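Observations on chain architecture
Letter by letter, the chains look like this.
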Amino acid sequence: MVDGPEKVTLASSDSQAVSAAAPRPWALRVACLLASAAAIGLAPAPAHADLKLCNTTSSRVGVAIGYRDVEGWATEGWWNVASHTCETLLKGVLIARFYYIHAIDYDRGGEWGGTLFMCTDDKAFTIRDVKECVKRGYKKTGFFEVDTGEERDWTVRLTDPEGEAKSQ
């Protein structure tokens, strides 16, 4: 057995779209998430490779990421991403195929979460390991999985639910 984040249920996803976890009763809206790779052949190759998150919603969001590197599991946060902007979460060539994201809608409430549990904190953090979060003084938080398909560069897009997106 491989040590890793606690998995409660399997979430289906593909490299084009990942659905948020089942809506929570307190959530103001159902969240929708699209993950897409940089277009190949449509534009010149990028000079660098990064993991980016674009917030296409009408709200400010806070973002935490989880990943496994040579030292084991790690979570980092919080990136504050303004409405209709992008933020680089990890700079350089991606070292893993799978990354995990948890995001909070600061303006309207709700979250983009999942069934893979990792540790977070209320303020800026880098936490090693995903076991016994509460016992170690952290929060146990649900993340959703992003499969980059082993691409070197990847962008995750947070979107408003259908019908709520504002015209630009």
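Owing to the predicted nature of the structure, the values given are computational and were not obtained by experimental measurement. (Residues numbered from 1 in each chain as written. Predicted model: local features only at pLDDT ≥ 70, side-chain atom pairs only at ≥ 80, totals over all residues. Heavy atoms only, no water.)

1. A few points about the pairing of strand S11 (residues 125-128)
Applicable threshold: In this scheme, a residue with accessible area under 20% of its type's maximum is buried, one over 50% is exposed, and one in between is partly exposed, where area comes from a 1.4 Å probe on protein chains only. The numbering of helices and of strands both runs from the N terminus, where a helix is a DSSP run of H or I of at least 4 residues and a strand a run of E of at least 2. Whether two strands pair comes down to DSSP finding at least two bridges between them.
Only one face of S11 is covered, namely the one carrying Phe 125 and Ile 127; the face carrying Thr 126 and Arg 128 has none of its residues buried. The pairing of strand S6 (residues 72-81) with S11 spans four bridges and is antiparallel. Considered in S11, the bridge of Glu 76 is made with Thr 126.

2. So, the state of the cysteines
As a reminder of what qualifies: Cysteine sulfur atoms are paired as a disulfide whenever they come within 2.5 Å of each other.
This model, assessed by the stated rule, comprises two disulfides. Residue pairing for Cys 54: its cysteine sulfur links by disulfide to Cys 86, the two sulfurs lying 1.9 Å apart. Measuring handedness by torsion sign, the sulfur bridge of Cys 54 and Cys 86 sits at about 105° and is right-handed. Remark: Cys 86 occurs in strand S7 (residues 85-91) and Cys 54 occurs in strand S4 (residues 50-55); sequence separation between them is 32 residues. On the basis of relative accessible area, Cys 54 is assigned to the buried category, the value being 6%. For the protein chain, numbering the cysteines in disulfides from first to last along the sequence yields the connectivity 1-2, 3-4.

3. Notes on the confidence of the model for the protein chain
Our working definition: One number per residue, pLDDT, summarises how confident the predictor is, and it ranges from 0 to 100. Should any heavy atoms of two residues lie within 4.5 Å, those residues are considered in contact.
For the protein chain, per-residue confidence averages 75 on the pLDDT scale, and 67% of positions sit at 70 or higher. Of all the helices and strands in the protein chain, strand S3 (residues 32-37) carries the lowest mean pLDDT, 33, while strand S10 (residues 116-120) carries the highest, 97. Here residues 6-47 is a poorly scored stretch, pLDDT under 50, and it has 70 contacts once near neighbours within four places are set aside; other chains count. Long-range and interchain partners of residues 163-168, a stretch whose pLDDT sits below 50, account for five contacts in this model, where long-range means more than four residues apart.

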